[in-house]
Amino acid sequence: MKAAERIIQAIVVLARIGAGLAFLLLIIAVLVQVVGRTTGNSPVWSEELTRFALLYLVAFGAGLSLRTGDMVNVDVISENLPGKLPWILRLVSAAATAGLALYLLPHAWRFTAIGQMQSSPALGLKMSYVHFTVFLFLALLALFAVLRVIAMLTGAEDGKPEKALDAPEI
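Below: a short report on this structure. Quantities reported herein were computed from a predicted structural model and do not represent experimental measurements.

Notes on the packing of aromatic side chains
Then comes step 1: Taken as a whole and assessed by the stated rule, the structure comprises three aromatic pairs.
Then comes step 2: An angle of 35° between the planes, with centres 6.4 Å apart, marks the rings of Y56 and F60 as tilted. Here Y56 pairs with F60, and both are found in helix 2 (residues 45-68), just four residues apart, close to one helical turn.
Then comes step 3: Taking the relative accessible area as the measure of exposure, Y56 reaches 23% and is therefore partly exposed.
Then comes step 4: Considering the side-chain rings of W109 and F135, the 5.0 Å spacing of their centres and the 65° angle between planes classify their relative orientation as edge-to-face. Residue W109 is found in helix 3 (residues 85-114), and its partner F135 is found in helix 4 (residues 127-154); the two are separated by 26 residues along the sequence.
Then comes step 5: Residue class for W109 comes out partly exposed when judged on its relative accessible area of 47%.
Then comes step 6: According to the relative accessible area criterion, F135 is partly exposed, its value standing at 21%.
Then comes step 7: Three or more aromatic residues joined by ring pairs form one cluster here, namely W109, F132 and F135.
Then comes step 8: Across from the ring centre of W87, 4.5 Å away, lies the NZ or CZ of K84, which sits over that ring.

Below, the structure written as structure tokens:
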């Protein structure tokens, strides 16, 4: 299981790096906007780049959010059920998330391909690079959900988010 854990950690690190780079680009683009507006010479492309960076930030962060429990999760009732019911509900939830994301992946790829025929007005960037964020979002979400299902079925984890494991008991 050591190799699998290293692969998972590598995926987590890559997603964190992607989210960090997208956030850095977002900060730079917004800074250019603010400075440009105060001097009266704001570049047109800065707003467009801000939106694109935000899309990549969300795409890289979705799977990480699933892993850490930062996504919206209403578990007040399910976690207080008796026996193995909470574990079963976490497994079903992860499997449903993976299933939906996997189902949508081919459609997201088709959406990405449509962007080949379009370009952004200010940057002149092929929109397929922008549309790819939808595919990346779904792919990473599916990957992290599948990893959770596998880990639960093999007994490597109980399906609770990482943050919940580190939190002190009340």
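A short note on a nonpolar patch on the surface
Then comes step 1: A surface patch of nonpolar side chains, amounting to about 620 Å² of accessible area, comprises V76, I77, L81, L85, I88, L89 and V92.
Then comes step 2: For L89, the position within the fold is in helix 3.

Structural notes on the pattern of salt bridges
Then comes step 1: By the definition in use, this model includes three salt bridges.
Then comes step 2: Close ionic contact of E47 with R51 constitutes a salt bridge, the shortest N to O distance being 2.6 Å. Highlighted residues: E47 and R51, both in helix 2, separated by four residues, approximately one helical turn.
Then comes step 3: Salt-bridge contacts for E157 lead to R148; the nearest nitrogen and oxygen are separated by 4.0 Å.
Then comes step 4: Assessed through its relative accessible area of 25%, E157 is described here as partly exposed.
Then comes step 5: Exposure remark for R148: the relative accessible area of 12% places this residue in the buried category.

Overview of helix 3
Then comes step 1: A rise of 1.5 Å per residue sets the reference length of helix 3, with its 30 residues, at 44 Å; its end C-alpha atoms lie 44 Å apart and thus fit the reference within 8%.
Then comes step 2: In helix 3, a bend of some 35° at L105 exceeds every other bend along the element, and P106, a proline, comes one to four places later.
Then comes step 3: Buried residues in helix 3 make contact with helix 4.

A word on the nonpolar core
Then comes step 1: The biggest cluster of nonpolar side chains holds 16 residues, and the ones touching the most others in it are V12, F60, L64, L66, L136, L140 and F144.
Then comes step 2: Elements supplying a minimum of two residues to this core: helix 1 (2-39), helix 2 and helix 4.
Then comes step 3: A total of six residues in this core trace back to one element, the largest contributor, which is helix 4.

Digging into the side chain of Q33
Then comes step 1: With respect to the element layout, Q33 can be found in helix 1.
Then comes step 2: Not counting residues up to four positions away in its chain, the partners in contact with Q33 are S42, S46, E47 and T50.

Comments concerning the environment of F23
Then comes step 1: By the element assignment, F23 lies in helix 1.
Then comes step 2: Taking the C-alpha atoms as reference points, F23 and F60, separated by 37 residues in sequence, lie 10 Å from one another.

What counts, and at which threshold
- Residues numbered from 1 in each chain as written.
- Predicted model: local features only at pLDDT ≥ 70, side-chain atom pairs only at ≥ 80, totals over all residues.
- Heavy atoms only, no water.
- Phe/Tyr/Trp six-rings, centres within 6.5 Å; stacked < 30°, edge-to-face > 60°.
- Helix = DSSP H or I, 4+ residues; strand = E, 2+ residues; numbered from the N terminus.
- Buried < 20%, exposed > 50% of the residue type's maximum accessible area, 1.4 Å probe, protein only.
- Lys NZ or Arg CZ within 6 Å of the ring centre and 35° of its normal.
- Patch = residues over 30% accessible without salt bridge, like charges linked within 9 Å, V, L, I, M, F, W, Y side chains within 5 Å.
- Areas by Shrake-Rupley, 256 points an atom, 1.4 Å probe, with all protein chains shown as cover.
- Salt bridge = Lys/Arg side-chain N within 4 Å of Asp/Glu carboxyl O.
- Expected span 1.5 Å × (residues − 1).
- Bend = angle between axes of the 7 residues up to and from the residue.
- Contact = heavy atoms within 4.5 Å.
- Core = buried A, V, L, I, M, F, W, Y, C linked by side-chain atoms within 4.5 Å.

As far as function goes, none of this settles anything; it's purely spatial.
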